[in-house]
There are 2 protein chains.
Amino acid sequence: MSQDAEPVALGKVNLETQFALDYFNLEAPRVIETAADEVDNVFLVDHNEAQQSVADIDQVTVLGVVDHHRIANFKTSDPLYYRAEPVGSTATILSKIYKEQGIEIPKSIAGLMLSAVISDTLLLKSPTTTGEDYRAAEELAELAEVSLDDYGLELLKAGTNISSKTAKEILNDDAKSFTMGKDKVRIGQVNVVDIDGLLAAKKDELIQAMRDQIQEDDYSLVVLMITDIIENNSVAIVEGTAYRKFEMAFSKPIQMNTVELEGFVSRKKQLVPPLTEIFTRS
Amino acid sequence: MSQDAEPVALGKVNLETQFALDYFNLEAPRVIETAADEVDNVFLVDHNEAQQSVADIDQVTVLGVVDHHRIANFKTSDPLYYRAEPVGSTATILSKIYKEQGIEIPKSIAGLMLSAVISDTLLLKSPTTTGEDYRAAEELAELAEVSLDDYGLELLKAGTNISSKTAKEILNDDAKSFTMGKDKVRIGQVNVVDIDGLLAAKKDELIQAMRDQIQEDDYSLVVLMITDIIENNSVAIVEGTAYRKFEMAFSKPIQMNTVELEGFVSRKKQLVPPLTEIFTRS
């Protein structure tokens, strides 16, 4: 199956992605919010849930999906290509598909895919990391002609420079909405090298931005996971009427809207499953 | 990922499957109706919709899926392995996975996989058939040491011997339940070499069996697709309060509970998508 296609993005590039694009001398893809006004068919990469996709996803045909997340709020009326594997990064699956198809990965594309693996797995330290991610990262680093560790740390640090950002931007730069049972939950994540520094400078503004978001979009819970990429720990800021469900899911009290999550670095593997469990328990 | 597993079936083997098992000297797998009483984890093959699986599918973890159907009524709380391709048979995808893993397919397993491809694609004549199914069928026939065409016709004919079957058995031997919008729809399929002969002998009994099923399980529509495997045509028997939706979906009047479907052989590709479209139209 070969098909003309244009790669597009669902959100503006963040500092980490911009670093990778600049490093490998590539332009950012066009950002879209709807698709049906331009095309009949789409192919989803790195997501499947309707509320994480274009606003009019139900008006186009999903020809295929390559992803590494849970499957939810996703349905089709026709058979499709769907390739999901429980690995740390969708780029790891993409690198396998290149191999299976016998297509060589160009240097700059290998660099971007490597950046995705590093970003998703926090330089292979997240509990989501699998042997396949290690293999892919090493092969991609060779193709991209960079040192995995040196480039990886540079990339992650580029993403932690949030001094110029508003609270709203920090909250939304890497945020996803989930439907859990009857509730809407939003979970953002931001990487830092100094959790306490961010809290001291922005905690009140962040909580206000979370309250605004709850008012606007009717979330039961908004969470911001602040992750220390050197220590591999997180602190979460939590707001919303369903905050007790968060406490139940992790057996931890929330104090002044914050809670320490020792050893937590993965939203997908460490935050989402226990929350889904609590919200869908009858 | 390697894991101990037992292959099990969700229904009793039909005549076609029994022919393939006998031909390659294999036993039928054990039939199960529930899973949570025995295991924590399952891997779904050739289906994903909850109502087509074990009754307690929401009480076990779905580790993975290999399938070639639409995705609907399927959700997980954790990432998983999911491999779907829009090909004619799940066995075609399985044969690719064997290759990718570098595992040789034993003769008798190749024979069963070949039988699945032949059954799903009506010997490669269904509109669902792709180039990949052709390739898989030819390779599997060689491994199974049979002639694709001769064995294929024998297999399909074995499935058409319904003289000893009750109407209820004919209706349910290869039937699937679908949730379409708010309605429950059941679609059975039976292969024959003489559609008129079956209608003359069993039509009244079949309609009565369909009415019984509607009473028991609250279907809005029950359809039996009777497919002529030589001519590649079908006639459908239709019963249920939503019969007008069937007429709208295919722009054909139902007369005395039956409707001719020229060129129709695929439930998945030719019946399900237009029906889904009509039932989910707001």
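Residues numbered from 1 in each chain as written. Chains lettered and ligands numbered in written order. Predicted model: local features only at pLDDT ≥ 70, side-chain atom pairs only at ≥ 80, totals over all residues. Heavy atoms only, no water.

Student: Honestly, the sheet that holds strand E7 (residues 233-239) of chain B in this entry has me stumped. Any pointers?
Tutor: Two modes of strand pairing occur in sheets, parallel and antiparallel, and in both the strands are linked by backbone hydrogen bonds. Residue and element names in this part refer to chain B. The mixed open sheet is built from 5 strands, whose spatial order is E4-E5-E6-E7-E8. Two strands close off the open sheet at either side, each with one partner strand: strand E4 (175-180) and strand E8 (258-261). Ignoring which end each strand starts from, the neighbouring axes of this sheet average 25 degrees apart. Summarising the sheet, strand E6 (residues 221-228) and E7 pair through 7 bridges and their orientation is antiparallel. Within E7, the residue paired with Met-225 across the bridge is Ala-236. (Pairing = 2+ DSSP bridges. Helix = DSSP H or I, 4+ residues; strand = E, 2+ residues; numbered from the N terminus. Axes fitted to C-alpha atoms, helices over the stretch in contact; angles between N-to-C directions.)

Student: Explanation requested: the environment of A:Glu247 in the structure shown.
Tutor: All names here are of chain A. Following the sequence through the fold, Glu-247 ends up in helix H8 (residues 243-250). Using a relative accessible area of 15% as the deciding quantity, one classes Glu-247 as buried. In the structure, Glu-247 is positioned 28 residues away from Leu-275 in sequence and 9.6 Å away in space, judged by C-alpha atoms. Excluding residues that lie within four positions of it along the chain, Glu-247 makes contacts with Lys-252, Pro-253 and Ile-254. (Buried < 20%, exposed > 50% of the residue type's maximum accessible area, 1.4 Å probe, protein only. Contact = heavy atoms within 4.5 Å.)

Student: Sorry if this is basic, but what is going on with the relation of the copies chain A and chain B here?
Tutor: Between the two copies of the chain lies a rotation about an axis combined with a shift along it. Its rotation angle being 180 degrees, the transformation that places chain A on chain B also includes 0.0 Å of axial translation and leaves an RMSD of 0.0 Å. Viewed as a symmetry operation, the transformation between the two copies matches a two-fold axis. Distance from the rotation axis, computed per C-alpha, reaches its smallest value in chain A at A:Arg83: 2.4 Å. A share of 100% of the interface residues of chain A reappears at the interface of chain B, consistent with the copies meeting face to face through the same patch. (Least-squares fit on C-alpha atoms with pLDDT ≥ 70 in both.)

Student: Mind showing me how you'd approach the interface of chain A and chain B here?
Tutor: Interfaces are frequently sized by the accessible area removed from exposure as the parts join. Listed per partner, the contact involves 22 residues of chain A and 22 residues of chain B. Between chain A and chain B, a total of about 2,000 Å² is buried, with carbon and sulfur atoms accounting for 64% of that surface. Joining chain A to chain B, the criterion identifies 0 salt bridges. For the pair chain A and chain B, the interface holds 4 residue pairs in polar contact (both at pLDDT 80 or more). Of all elements in the fold, only strand E5 (81-84) and helix H9 (267-280) of chain A reach the threshold of two or more residues within the side of chain A that touches chain B. At 4 residues, E5(A) tops the list of elements feeding residues into the side of chain A that touches chain B. Among the residues making up the side of chain A that touches chain B, the classes are represented as 10 nonpolar, 5 polar and 7 charged. (Buried area = accessible area lost by both parts, 1.4 Å probe. Salt bridge = Lys/Arg side-chain N within 4 Å of Asp/Glu carboxyl O. Polar contact = N/O pair within 3.5 Å; in protein donor to acceptor, adjacent residues only side chain to side chain. Nonpolar A, V, L, I, M, F, W, Y, C, P; charged D, E, K, R; others polar.)

Student: Any chance you could explain the sheet that holds strand E2 (residues 61-67) of chain B here in plain terms?
Tutor: With mixed pairing, 6 strands are arranged side by side in an open sheet as E3(A)-E4(A)-E5(A)-E3(B)-E2(B)-E1(B). Both outer strands of the open sheet, strand E3 (41-45) of chain A together with strand E1 (41-45) of chain B, are each paired with one neighbouring strand and no more. In this sheet, adjacent strand axes meet at a mean angle of 15 degrees when their direction is disregarded. Sheet analysis places E2(B) next to strand E3 (residues 81-84) of chain B, joined by 4 bridges and oriented parallel.

Student: Can you help me understand the pattern of salt bridges in this one?
Tutor: Pairing of side chains with opposite charge becomes possible as their charged atoms draw close. All names here are of chain A. Applying the stated criterion across every chain yields a total of 32 salt bridges over all chains. Here Glu-132 ties to Arg-135 by a salt bridge, and the two come within 3.9 Å at their closest N and O atoms. Linking Glu-132 with Arg-135, this pair stays in helix H4 (residues 131-144), spanning 3 residues, or about one helical turn. On the basis of relative accessible area, Glu-132 is assigned to the partly exposed category, the value being 25%.

Student: What exactly am I supposed to notice about the confidence of the model for chain A here?
Tutor: Interpreting fine coordinate detail is not advised for predicted regions of low pLDDT. Residues and elements named next belong to chain A. Model confidence for chain A is summarised by a mean pLDDT of 95, while 99% of its residues fall at 70 or above. Confidence scores differ between elements of chain A, with H9 showing the lowest mean pLDDT of 93 and H4 the highest of 98. Predicted as a complex, the structure gets a pTM of 0.83 and an ipTM equal to 0.80. (pLDDT = per-residue confidence, 0-100.)

Student: Which parts of the structure should I look at to understand the nonpolar core?
Tutor: Among soluble globular proteins, nonpolar side chains are generally buried collectively. Ranked by internal contacts, the top residues of the largest apolar core, which has 28 residues, are A:Val62, A:Phe74, A:Tyr82, B:Val62, B:Phe74 and B:Tyr82. Elements with a contribution of two residues or more to this core: E3, strand E4 (61-67) and E5 of chain A together with E1, E2 and E3 of chain B. With sequence-adjacent residues up to four places away left out, A:Val62 is seen in contact with A:Val42, A:Leu44, A:Ile57, A:Phe74 and A:Leu80. The next biggest cluster of nonpolar side chains, apart from the first, holds 26 residues, and it includes A:Ala91, A:Ile118, A:Ala137 and A:Leu155. (Core = buried A, V, L, I, M, F, W, Y, C linked by side-chain atoms within 4.5 Å.)

Student: Hey, could you run me through the pairing of E4(B) in this one?
Tutor: Along any regular strand the residues' side chains alternate between the sheet's two faces. Residue and element names in this part refer to chain B. Of all 6 residues that make up E4, 5 are buried, and the element is covered over most of its length. Note that E4 and strand E5 (residues 183-192) share 6 bridges and pair antiparallel. Across the sheet, Ala-175 pairs through a bridge with Gly-188, a residue of E5. The turn linking E4 back onto E5 is made up of 2 residues, and Gly-181 within it adopts a positive phi angle of 60 degrees.

Student: Sorry if this is basic, but what is going on with the packing of aromatic side chains here?
Tutor: The geometry of an aromatic ring pair comes down to the distance between the two centres and the angle between the two planes. All chains considered together, the criterion is met by 19 aromatic pairs over all chains. Ring centres of A:Phe250 and A:Phe264 lie 5.8 Å apart, and the angle between their planes is 80 degrees; on these two criteria the pair is classed as edge-to-face. Here A:Phe264 lies in the loop between strand E10 (258-261) and H9 and A:Phe250 lies in helix H8, a separation of 14 residues in the sequence. For the pair shown, A:Phe250 and A:Phe264 are each scored as buried. Their ring planes at 75 degrees and their centres at 5.5 Å tell us that B:Phe74 and B:Tyr82 sit as a pair that is edge-to-face. Here B:Phe74 matches B:Tyr82 in class, with each residue buried. Of the aromatic side chains, those joined through ring pairs into one cluster are A:Phe19, A:Tyr23, A:Phe24 and A:Tyr151. In this structure, A:Lys184 packs its charged tip against the face of A:Tyr219, placed 5.0 Å from the ring centre. (Phe/Tyr/Trp six-rings, centres within 6.5 Å; stacked < 30°, edge-to-face > 60°. Lys NZ or Arg CZ within 6 Å of the ring centre and 35° of its normal.)

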